[in-house]
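Understanding the architecture of this molecule
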Amino acid sequence: MKKNALWLLLFVFLVGSPFFAIAEKAEEVPMVQGRVVLGYIEHVVIAGDVDLEALMSPVHHFSELGVLDLKVKEENGEKYASFALRGKKGTTKDFKVKVIADKAKPDGKKQPIVVRMPLCLGKFQLTPQFRLVDRSKFEQEVRLGRRVLAGRAVIDPSTTHAAMPDCKDLATKKSSKKSS
Amino acid sequence: MSCTVSKGDTVERRRTGTPSRGRISGLVCVLIVFSLLSLSCSSDIFLAPKKDSLGWVEQVSFPEFEAILDAKLDTGADTSSLHASDMKLFIGNSGKTVVEFRIEDHNGKDQVLQLPLARQAKIKTKKGTLQVRPVVKLVVCVGAQFEEIEFTLVDRSHFEYPVLIGRNFLAGKFVVDSSRSFTFGPSCQAAGDKI
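By convention here, each chain's residues receive numbers from 1 onward along its written sequence. To read the labels, note that chains go from A and ligands from 1, taken in the order they are written. Two thresholds apply to this predicted model, a pLDDT of at least 70 for residue-level local features and 80 or more for giving and counting side-chain atom pairs, whereas whole-chain, interface and lining totals are computed over all residues. Heavy atoms from the whole structure form the basis of all side-chain values; hydrogens and water molecules are not counted.

**Description of the state of the cysteines**
Any cysteine sulfur atom paired with another within 2.5 Å is treated as part of a disulfide. Taken as a whole and assessed by the stated rule, the structure comprises two disulfides over all chains. Between the sulfur atoms of Cys120(A) and its disulfide partner Cys167(A) the distance amounts to 2.0 Å. Judged by the sign of its S-S torsion, about 95 degrees, the bond between Cys120(A) and Cys167(A) is right-handed. With Cys120(A) in strand β10 (residues 119-121) and Cys167(A) in the loop between β14 (153-156) and α3 (168-179), this residue pair connects regions lying 47 residues apart in the sequence. On the basis of relative accessible area, Cys167(A) is assigned to the buried category, the value being 4%. The side chain of Cys141(B) participates in a disulfide bridge whose partner is Cys188(B); the two sulfur atoms lie 1.9 Å from each other. Around the S-S axis, the bridge from Cys141(B) to Cys188(B) shows a dihedral of about 85 degrees and counts as right-handed. Placement of Cys141(B) in strand β9 (residues 130-142) and of Cys188(B) in the loop between β12 (174-177) and α3 (189-194) is noted, with a sequence separation of 47 residues between them. Secondary structure elements follow DSSP: runs of H or I of four or more residues count as helices, runs of E of two or more count as strands, with numbering from the N terminus. The cut-offs for exposure are 20% and 50% of the maximum accessible area for each residue type, with area from a 1.4 Å probe on protein chains only; residues under the lower value are buried, those over the upper are exposed, and the others partly exposed.

**Observations concerning the pattern of salt bridges**
Residue and element names in this part refer to chain A. Note on definitions: salt bridges are taken to be side-chain nitrogens of Lys or Arg within 4 Å of carboxyl oxygens of Asp or Glu. Applying the stated criterion across every chain, the model contains 13 salt bridges over all chains. Glu-78 is paired through a salt bridge with Lys-98; the nearest N and O atoms lie 3.6 Å apart. Of this pair, Glu-78 sits in strand β7 (residues 78-86) while Lys-98 sits in strand β8 (residues 92-98), placing them 20 residues apart in sequence. Across the pair Asp-166 and Lys-123 runs a salt bridge whose closest N-O atoms are separated by 2.6 Å. Taken together, the positions of Asp-166 in the loop between β14 and α3 and Lys-123 in the loop between β10 and β11 (124-126) put the pair 43 residues apart, joining distant regions of the chain. Residue Asp-166 is classed as partly exposed on the basis of its relative accessible area, which comes to 42%. Given a relative accessible area of 61%, Lys-123 falls into the exposed group.

Structure, rendered in C-alpha cells:
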C-alpha cells in the first residue's frame, strides 16, 4: 500500500512538474530588450486611489487626463486647477492641483492646462505631467504618451491589461484602509 | 497468479497482472528525462512567439506603387491611414466604385492612383467627432513583414508623417518602443514576388 502511494506521488510529480513550471513562468512580467511589455490598454491608478483605464499612445509626446468641471483660479500669485476625476466604479473625487503650464500659443490658441499627478502603471510609480482635457467621447479616460512610456515599456498592440497596478504606495493605502 | 500446463507439455509459468521491474524503471527514466527537458525549455514552447521591436516612427514601403514613406506606429489606433490629396470617387468600368487619389513619397515624387473602394469608414477624430473616410486595401511592408490591410484615405498634410500604421497591421507582429525611431527600413523582398 505504501509502495503504491509512493509510486503515485512520484508519477504525479514527474507528469505535473512541466505544467507547474509553465504556470510559474507565465506569472513573470514579459520583457523585451530590458523593457516591460504593456498592452495597448492598461489599468492605472491616479493619485493613489482613482482607478482608470489608459490608452498607450507612443505617437503622442504628451499624456492626457480626462477631467470634469475644470476651473482655474489664482491664489497668492499661483494658478491652481480644480477638477473631478470619475473612477471606473463611477465615484468621483475632487482635486485641486498647482498648474504647471497655461500659456497661449503664438497664434493665440490656448494650450490645455498642464498639472502633475501621481500615476501607478504596473510597477512604475511616477508623477508625470498631464494635459487636463475632456475625454468623455473616448473610451479611456487617460492617454499616456512618449514622455511616460519611453525608456520604461514597449507596447504590444495585440494585448491589453498585461500589468495590473502594483505600486508600493497602493499597497500601503490598501493595508491602511483594511486595518481601519 | 501462475498457471501450469499439464504433464507432457511444455511447462509454462506465466505471471500476469504485474509489469516487470525493468519496464517500470524504463518508464520512470522516460518521465524524468521528459520532466527535465520540459522544466528547462517548455515555457518557450507554450508562451506566445517573440515579436520584433520597432520604434514609434519607421519607414514603410508600398510595393504596389514603389513608394517609401515615413509612418507613425500607433498602438492607440485600430486602423491605418494614408495621406491622400485630390480624392475623387467614381463608378469604374466594372460597375464598382473606384477611388482616385494623389500620394507623394519621401522623395517628393507624386503619383496618382486608382483603387477599388473597399468601404467607407467612420473614424473618431482627436476632437472626438466622427468623420467618414474612403477605405482602400494596400500591401504595406513594415520591417521584414508585409500584409494587405485596409487604409483610410485622409488629408494628413497638417501632420508630420503621411502614414499611420494601426493595430490592424501591428497586432501579432511587433511591439512598439517609444524611445526609438527609424530602427530599420522596410525589407520585404518576398512582397514584390507575391503581388
